[in-house]
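Chain by chain, the residues run as shown.
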Amino acid sequence: MALTKIAIIGSGLSGTLTAINLLRQQHTPVSIDLYEQEPAQLNRGAAYRENNVHQPLNVPISRMSLFSQEPNHFYQWLHENENRLKACIYGAEMEDYVPRKIFGDYLTDIFQKTVAACSGNHELEVIVAKVLSITPSNEGYILASTSKITTYHQVILASGNVPPQRAIFLPPNSRNLELPIIHSWEGLPKIDSSKQVLIVGSGLSMVDTIIELDKQGYHGTIRVLSRHGLIPLPEIPEPHNHLTLGPKESTYELLKAFRELAKEAEAQGSGWRTIFHNIRPEIPTLWQTLSDDEKQCFMRHLQPFWEIHRHRVPAFSHQLVQNLIETGSLQLLKGRITNIINGNDEKTIVNYRPRHTQASVTFETDLIINCTGPVTDLTRSGDPMLEQLLQSGYATTGTLQMGLNTNVNGELINSNGNTQRGLFAIGSLRKGNLWETTALREIRQQAEALPMAMLPVGIGV
Ligand SMILES: Cc1cc2nc3c(=O)[nH]c(=O)nc-3n(C[C@H](O)[C@H](O)[C@H](O)COP(=O)(O)OP(=O)(O)OC[C@H]3O[C@@H](n4cnc5c(N)ncnc54)[C@H](O)[C@@H]3O)c2cc1C
């Protein structure tokens, strides 16, 4: 049987796990080209790079298996590789956390073993190149990258989060200045403790940055500034309950129902955290039930609270931040930057308006670390491939420009409102439709479903 030619764009968790699942299926021989623009992210993506040796996963070992039907798979892999990994395992029981690099090692190892085991049935090539455009043709899609132009029967977009923009928090009059801004996603240089640091953004990337500064032995002054000044809450194992939310028509009703469930959970002796675990499969339906206005209302008023409750951090990471706050080494500021200018002696002068005031507060800093998180508005991604897909109408953005419109199988919806057959998306690109689609649990489920959606028995061309 002729091979079905498939391109996967991006070799982070989404792309690599999709490749693994396509290679594991037996009924249709496939020839996969797996594209990755960033060599350090091959089979790792942004989150699980080799240099992430200090930052722990945000989820314990028990919930990080690559396969939904084998919940102990990661745990077993850790133990099989214990001798090799010992130096950087914090602990290896089911509720422990390991560094994110280790999860990248796991993904890489399982990928390589899968490729080796399927040789003869399927083909796979890794191509280090940036995909620039995707155009429909009679045979499928013509894909142009920095390395070659090739035609594929099917294409999967697994390009992940759009990295934070440099200037997103800068007022317009500061945007052309030479400022000492570091991007947390690119890793931190060694920072001397005599330097004052401003971290913009107080979410998961801020916690990662604090961990990195701590490992460096940095003990200078840190300011963390964000609109709400909310930091991710700690993960605490809680007894299970079976409470779930049903669809609600408004953000207010959702909030009310959630609060009632939380009270009920407390009364039962479990806690609110378990409710998030229970409702995750329901979230796409809950999200799709909301009108566009209600979604906007959620984004405006509830999203910051959702983020810190849903995307939690290990208790020891949370404690590290709390200790710095309590000792005064870290000041948590709520507000909006109104002006930034260069000062004397290589200092930067920052003005901000504290939340709910008209005041203007000024301070000096030596360095600014951008921890504002990924860009969610895909119309502002600056990515040539996404821009080409949107401009040509082969892809459309969902509500709030957040993610691409897809059907239930993950196939794109084009500007005519039709399914763009054979062009799929996975992971955070589906955020507009599904809301909850960026973590392993959802990515794993999508990667497991894709082979059936793409290769119904007998499709081989
Ligand atoms: C710091 C951090 C910590 C996290 N911790 C956890 C955790 O503990 N547990 C959990 O479940 N989730 C965690 N997550 C969520 C995480 O987003 C997912 O688990 C997962 O890593 C997303 O993988 P991805 O492949 O979709 O995206 P990415 O990891 O972003 O990978 C996409 C890849 O596509 C490549 N690419 C993009 N465009 C192109 C192009 N045009 N051509 C070629 N290549 C391209 C990029 O270079 C990148 O390597 C974390 C996320 C971050 C950022």
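As a reminder, the structure under discussion sits directly above these lines.
Residues numbered from 1 in each chain as written. Predicted model: local features only at pLDDT ≥ 70, side-chain atom pairs only at ≥ 80, totals over all residues. Heavy atoms only, no water.

Draft legend 1. Layout of the overall build of the protein. For the protein, the helix and strand inventory stands at 13 helices and 18 strands. Computed over its C-alpha atoms, the radius of gyration of the protein comes to 23 Å, within 12% of the 23 Å expected for a compact globule of 461 residues. C-alpha extents for the protein along the principal axes are approximately 70 × 55 × 50 Å. Classification of the 461 residues of the protein by burial places 53% in the buried group. (Helix = DSSP H or I, 4+ residues; strand = E, 2+ residues; numbered from the N terminus. Rg over C-alpha atoms; globule rule 2.2 N^0.38 Å. Buried < 20%, exposed > 50% of the residue type's maximum accessible area, 1.4 Å probe, protein only.)

Draft legend 2. Structural detail: helix 4 (residues 100-117). Between its first and last C-alpha, helix 4 extends 26 Å over 18 residues, near the 26 Å set by a 1.5 Å rise per residue. Burial analysis of helix 4 places 13 of its 18 residues in the buried class, which makes it a mostly covered element. (Expected span 1.5 Å × (residues − 1).)

Draft legend 3. Main features of the packing of aromatic side chains. Evaluation of the coordinates by the stated rule reveals 16 aromatic pairs. Seen in terms of ring centroids, Tyr-35 and Tyr-152 are 6.4 Å apart; in terms of plane orientation they differ by 85 degrees. Their pairing is edge-to-face. Here Tyr-152 lies in strand 6 (residues 149-152) and Tyr-35 lies in strand 2 (residues 30-36), a separation of 117 residues in the sequence. (Phe/Tyr/Trp six-rings, centres within 6.5 Å; stacked < 30°, edge-to-face > 60°.)

Draft legend 4. Structural context of the environment of Tyr-152. For Tyr-152, a relative accessible area of 1% puts it in the buried group. Between the C-alpha atoms of Tyr-152 and Leu-23, which are 129 residues apart in sequence, the distance is 17 Å. Those residues in contact with Tyr-152 that lie beyond four places of it in its chain are Lys-5, Ile-6, Ala-7, Asp-33, Tyr-35, Glu-139, Gly-140, Tyr-141 and Leu-143. One polar contact links Tyr-152 to Asp-33, side chain to side chain, over a distance of 2.5 Å. Of note is the side chain of Tyr-152, whose polar atom sits 2.7 Å from the side chain of Tyr-35. (Contact = heavy atoms within 4.5 Å. Polar contact = N/O pair within 3.5 Å; in protein donor to acceptor, adjacent residues only side chain to side chain.)

Draft legend 5. View of the site of the ligand. In the region of the ligand, 33 residues are neighbours, and Ser-14, Glu-36, Gln-41, Tyr-48 and Asn-58 sit closest. Gln-41 places a side-chain nitrogen or oxygen 2.7 Å from an oxygen atom of the ligand. In the model, an oxygen atom of the ligand is placed 2.7 Å from a nitrogen or oxygen of the Tyr-48 side chain. Contact with the protein chains removes 91% of the 990 Å² of surface that the ligand exposes when unbound. For the shell around the ligand, the elements supplying multiple residues, two or more each, are helix 1 (13-24), strand 2 and helix 13 (440-454). Class assignment of the residues belonging to the shell around the ligand gives a composition of 16 nonpolar, twelve polar and five charged. (Near = heavy atom within 4 Å. Areas by Shrake-Rupley, 256 points an atom, 1.4 Å probe, with all protein chains shown as cover. Nonpolar A, V, L, I, M, F, W, Y, C, P; charged D, E, K, R; others polar.)

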